[in-house]
Amino acid sequence: MSKIQILDEHIANQIAAGEVVERPASVVKELVENAIDAGATKIDVSAEEGGLQSIRVADNGAGIEADDCEAAFYRHATSKIASGRDLFQIRSLGFRGEALPSIAAVAKVECVSSAEESGLGRRIVIEGGSLKTNEDIAAARGTDFQVKELFYNMPARLKYMKTIQTELGHISDTMYRMALAYPGIAFTLKHNGNLLLQTVGNGDLLQVIAAVYGTAAAKAMLPVEAEHLDFTVSGYVSKPEQTRSNRNAISTIVNGRHIRNYVLNQSLLQAYHTFLPINRFPLAVLHFRMHPSLVDVNVHPAKLEVRFSKEQELSQFVQQAVGDTLKRQVMIPQGAKPAAAAKSGDSVIQEQLQFYAAAAESARTHSAPIPGAPQSGGAASGAQEAPPAQRGERELPPRPGAAAGDVAERYAPEPPRTGAAPQAPATRGRAAEPREAAVPPAAAQRAQQAYAAAESARLPAFPQLSLIGQMHGTYLIAQNENGLYLIDQHAAHERINYEYYFEQFGNPADAAQELLLPITLEFTPSEAELLKTRLPLFEQAGVVLEHFGGQTFLVRAHPYWFPKGDEQELIQEMAEWVLKEKAVDLAKLREKSAIMCSCKASIKANQKISALEADVLIERLAACKQPYTCPHGRPIIVSFSTYELEKMFKRVM
């Protein structure tokens with residue numbers, strides 16, 4: 001007797017429903033996609049008890065012809081494709097013809113649809129896959145689906161449904177993605193009569209972002225638009241200060257279909273590299289357009305995953321488009337804003353002061369050396385500033401790669417100050433002192449060159465700042481005509497060092513120096529076996545690491561510009577990172593090593609520095625390619641506008 005049997009259509013539909021209809025959100029997704037394919041401009045969705053009791057989707061689309069209403073519930077019945085060739089040029093959201101029969105097999109479904117303007121439509125009622133009613137009815141153009149008692153005939157599936165709030169969360173997320181994918185459609189979502197989402201459908205994506213994520217998030221979005229021979233991208237990405245703790249706020253939409261794609265997400269995050277702290281993620285809504293033949297959507301039961309025929313090119317395109325958008329912005333977050341106060345008819349406008357007139361005049365008449373820069377005229381002339389050790393302060397470490405002679409020249413005389421306030425008593429510590437020309441002349445010249453270069457490249461220039469002082473040995477306080485600025489001295493120095501070391505690691509072999517006494521490193525047996533296979537990577541980074549036997553390795557040489565005193569710890573961390581990563585290439589090692597070096601070589605918090613050292617630090621920060629965040633993604637500088645300060649002190653009422 002034959003053991004293999006052909007299942008009847010009802011059981012086959014229930015099995016198919018297990019793949020297509022996972023939860024109430026799956027029903028909402030399939031019905032809304034059908035409405036979009038029908039050309040609807042208004043889609044209303046309502047649910048009760050998390051969608052388990054009732055789901056209703058009504059649209060004003062083309063509707064279903066009366067003769068096709070019953071056939072639409074047959075398995076693999078579709079109007080979207082007609083031949084196998086169409087599978088490679090899919091332009092609609094639905095195409096398999098599985099959704100309606102799968103939903104009807106596990107719920108009680110009522111469908112009222114009309115494809116005519118005459119007011120005549122057709123009503124279909126199906127319960128558990130069995131047709132109960134097929135009759136004419138008066139109906140407006142469009143389709144109205146009601147799905148009741150989902151999984152009523154599948155108690156095992158119903159048993160494993162989550163709480164009402166969880167299921168509602170999935171429905172809401174589905175509707176949010178649909179609204180973001182189609183800003184030209186007016187969506188409405190209600191749950192138990194409460195309005196959860198409403199969009200106007202005017203095509204403005206930013207308004208939809210405001211409706212979904214809030215107005216504060218919408219105000220922090222940056223527009224993205226770029227073209228490629230095969231792709232186009234448009235949408236919005238958030239500024240680095242607007243982040244999330246997970247990737248849920250990243251929406252990638254390909255040809256109108258929301259998808260999940262690891263490669264695209266990683267490309268987006270790579271564009272934010274060094275802009276975001278660890279475990280923080282941006283908010284992004286990106287629309288991709290490409291020929292349907294370049295993307296295969298028939299690889300996932302719920303069509304949430306796709307395959308790209310030019311995935312590598314698309315990845316590079318996304319990274320470049322988003323990266324260019326971020327680089328054109330001045331990434332200085334605003335400080336905490338004061339609470340809104342009652343408005344009055346009068347306002348105070350404070351006179352705008354020119355902070356750089358005196359600095360520019362001083363630059364033309366005086367010449368002073370920059371700390372850490374080589375001197376052409378031998379020893380510095382004039383009264384020498386006392387070294388930090390004599391002032392009770394810690395010395396600012398030399399810039400990476402500085403020669404020994406540069407360190408001795410750091411304490412050059414400061415330019416003369418006119419109208420300076422008297423020094424505060426020494427017992428009160430080093431207080432901030434007002435100065436008319438706080439920027440050293442040579443520093444002003446270098447900063448001006450950096451600003452001119454940024455202007456010529458059409459990139460936002462770092463603001464010209466006048467140092468006020470240092471707070472708690474951690475933050476530099478500066479000002480300009482626009483307001484007040486706080487600079488994290490460790491993050492600033494870390495960014496300067498990172499860009500220096502990143503360039504140095506580009507050709508580290510030329511800087512390698514042999515050691516008289518090799519550095520000894522030890523690892524576990526398993527780590528030692530893996531490390532032996534990755535020794536060439538260290539040599540490419542300028543570190544000569546050789547296996548000495550057993551679990552021991554010797555460092556025979558390393559670049560001379562490694563942070564002094566931290567060489568062993570640095571190489572140990574490099575080795576641990578190489579062991580931890582599954583796929584390591586030279587580019588990743590170069591970047592990670594630069595980050596490690598920059599952190600160890602930078603000044604720390606609670607470390608006092610002189611005014612001249614602070615000026616040089618700001619000058620070198622302004623010359624960085626990306627001076628707004630440290631390599632770890634933390635902000636370097638925060639601003640308080642003059643208007644915000646005036647509101648705090650009630651000068652503007």
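Residues numbered from 1 in each chain as written. Predicted model: local features only at pLDDT ≥ 70, side-chain atom pairs only at ≥ 80, totals over all residues. Heavy atoms only, no water.

Draft legend 1. The overall build of the chain, seen in detail. Counting secondary structure elements, the chain contains 20 helices and 24 strands. Among the 653 residues that make up the chain, the fraction classed as buried is 48%. In the chain, once contacts between residues fewer than 6 apart in sequence are set aside, the share between residues at least 24 apart is 70%. Here the chain has roughly 32,800 Å² of accessible surface; of this, 51% comes from carbon and sulfur atoms. (Helix = DSSP H or I, 4+ residues; strand = E, 2+ residues; numbered from the N terminus. Buried < 20%, exposed > 50% of the residue type's maximum accessible area, 1.4 Å probe, protein only. Contact = heavy atoms within 4.5 Å. Areas by Shrake-Rupley, 256 points an atom, 1.4 Å probe, with all protein chains shown as cover.)

Draft legend 2. Focus on the nonpolar core. Val32, Ile36, Ile43, Phe73, Val147 and Phe187 are the most contacted members of the largest nonpolar core, which totals 60 residues. Examining the composition of this core, we find that 7 residues originate from one element, helix H2 (residues 24–37), more than from any other. Filtering out sequence-adjacent residues up to four positions away, Ile43 remains in contact with Val32, Ala35, Ile36, Val57, Ala58, Asp59, Ile185, Ala186, Phe187 and Thr188. Among the nonpolar cores identified, the runner-up in size contains 59 residues, and Phe317, Ala492, Leu617 and Ala622 belong to it. (Core = buried A, V, L, I, M, F, W, Y, C linked by side-chain atoms within 4.5 Å.)

Draft legend 3. Here's a closer look at the packing of aromatic side chains. Applying the stated criterion to the full structure yields 10 aromatic pairs. Centre to centre, the rings of Tyr498 and Phe502 are 5.8 Å apart; their planes meet at 40 degrees, and the pair counts as tilted. On the criterion of helical spacing, the pair formed by Tyr498 and Phe502 is a turn pair, its members being 4 residues apart in helix H14 (residues 489–504). Tyr498 sits in the buried class, given a relative accessible area of 8%. Considering the side-chain rings of Tyr500 and Tyr501, the 5.3 Å spacing of their centres and the 70 degrees angle between planes classify their relative orientation as edge-to-face. Look at Tyr500 and you get partly exposed, because its relative accessible area is 23%. Given a relative accessible area of 2%, Tyr501 falls into the buried group. Linked through ring pairs, Tyr500, Tyr501, Phe505, Trp561 and Phe562 together constitute an aromatic cluster. (Phe/Tyr/Trp six-rings, centres within 6.5 Å; stacked < 30°, edge-to-face > 60°.)

Draft legend 4. Region of the structure containing the pattern of salt bridges. Here the structure, examined in full by the defined rule, presents 18 salt bridges. Across the pair Glu167 and Arg23 runs a salt bridge, and its minimum N-O distance is 3.1 Å. Pair noted here: Glu167 is in helix H5 (residues 164–181) and Arg23 is in the loop between helix H1 (9–20) and H2, with a separation of 144 residues, a long-range link. Classification of Glu167 as buried rests on a relative accessible area of 0%. Salt-bridge contacts for Arg634 lead to Asp488; the nearest nitrogen and oxygen are separated by 3.3 Å. Of this pair, Arg634 sits in the loop between helix H19 (611–622) and strand S24 (637–641) while Asp488 sits in strand S20 (residues 483–488), placing them 146 residues apart in sequence. A residue is classified by how much of its surface remains accessible, and Asp488, at 12% relative accessible area, is buried. Sharing partners across several salt bridges, the network here consists of Glu110, Arg123 and Glu135. (Salt bridge = Lys/Arg side-chain N within 4 Å of Asp/Glu carboxyl O.)

Draft legend 5. Representation of the confidence of the model for the chain. Residues with a pLDDT of 70 or more make up 78% of the chain, whose mean pLDDT is 79. Confidence drops under a pLDDT of 50 for residues 340–440, and excluding neighbours within four residues, the segment shows 147 contacts in the predicted structure. Counting interchain partners and residues more than four positions distant, the pLDDT-below-50 stretch residues 453–458 has 3 contacts. (pLDDT = per-residue confidence, 0-100.)

Draft legend 6. Highlighting the packing of H14 against H19. Interhelical geometry of H14 versus H19 gives an angle of 50 degrees and a closest axis separation of 9 Å. With respect to H19, the axis of H14 lies oblique. Here H14 runs over H19; the crossing is left-handed. The segment H14 lies against H19, with Gln489, Ala492, His493, Arg495 and Ile496 engaging Leu617, Arg620 and Leu621. For the contact of H14 with H19, a count of residues per class yields 4 nonpolar, 2 polar and 2 charged. (Axes fitted to C-alpha atoms, helices over the stretch in contact; angles between N-to-C directions. Parallel < 35°, antiparallel > 145°, perpendicular 65-115°, else oblique. Left-handed = near helix turned anticlockwise from the far one by under 90°. Nonpolar A, V, L, I, M, F, W, Y, C, P; charged D, E, K, R; others polar.)

Draft legend 7. Structural detail: helix H17 (residues 567–580). In this model H17 runs 20 Å from its N-terminal to its C-terminal C-alpha over 14 residues, within 8% of the 20 Å that 1.5 Å per residue would give. By the burial criterion, the buried members of H17 are Glu567, Leu570, Ile571, Met574, Ala575, Trp577, Val578 and Leu579. Buried residues belonging to H17 abut strand S21 (512–522), helix H15 (525–532), helix H16 (535–540), strand S23 (552–559) and helix H18 (586–601). (Expected span 1.5 Å × (residues − 1).)

Draft legend 8. Broad picture of the sheet that holds strand S15 (residues 284–290). An order of S9-S10-S15-S12-S13 is seen for the 5 strands of this open sheet, with the pairing classed as mixed. For this open sheet the edge positions go to strand S9 (221–227) and strand S13 (257–259), each flanked by a neighbour on one side alone. Strand-to-strand twist in this sheet, taken as the mean axis angle between neighbours without regard to direction, amounts to 20 degrees. Relative to S13, strand S12 (residues 250–254) is paired through 3 bridges, and the arrangement is antiparallel. Paired with Val254 across the strands is Arg257, a residue of S13. Most of the contacts of H5 go to S12, to which it runs at about 55 degrees, and overall it touches S12, S13 and S15. (Pairing = 2+ DSSP bridges.)

Draft legend 9. Representation of the environment of Gly121. In this structure, Gly121 sits in strand S4 (residues 120–127). Placed 57 residues apart in sequence, Gly121 and Ile64 show a C-alpha to C-alpha distance of 8.7 Å. In contact with Gly121, not counting residues within four places along its chain, are Ser113, Ser114, Glu135, Asp136, Ile137 and Ala139.

Draft legend 10. Geometry of helix H8 (residues 262–271). Inspection of H8 places Leu264, Asn265, Ser267, Leu268, Leu269 and Ala271 among the buried residues, and these make up the whole buried set. You can read the cap of H8 off the contacts: a side-chain oxygen lies 3.1 Å from the backbone nitrogen of Val263, and it is on Asn261. (Polar contact = N/O pair within 3.5 Å; in protein donor to acceptor, adjacent residues only side chain to side chain.)

Draft legend 11. Geometry of the pairing of S4. Most of S4 is tucked away, with 6 of its 8 residues classed as buried. Alignment of strand S3 (residues 108–114) against S4, held across 6 bridges, turns out to be antiparallel. Within S4, the residue paired with Lys108 across the bridge is Glu127. Between S3 and S4, which pair antiparallel and follow one another directly, the connecting turn spans 5 residues, one of which, Gly119, has a positive phi of 95 degrees. Here S4 folds back onto strand S5 (residues 130–138), and the loop between the two strands holds 2 residues, one of which, Gly128, carries a positive phi near 60 degrees.

Draft legend 12. Main features of the packing of H5 against helix H6 (residues 205–213). Look at H5 against H6: their axes get within 9 Å of each other, and the N-to-C directions meet at 165 degrees. Relative to H6, the element H5 is oriented roughly antiparallel. The interaxial crossing formed by H5 with H6 has left-handed handedness. Taken together, the residues of H6 that come into contact with H5 (itself represented by Tyr176, Arg177, Ala179 and Leu180) are Leu205, Val208, Ile209, Val212 and Tyr213. Along the lines of polarity and charge, the residues of the contact of H5 with H6 split into 8 nonpolar, no polar and 1 charged.

Draft legend 13. Layout of the environment of Gln572. Summarising the element assignment, Gln572 is placed in helix H17. Assessed through its relative accessible area of 21%, Gln572 is described here as partly exposed. Not counting the four nearest positions on each side in its chain, Gln572 is found in contact with Leu521, Glu522 and Phe523.

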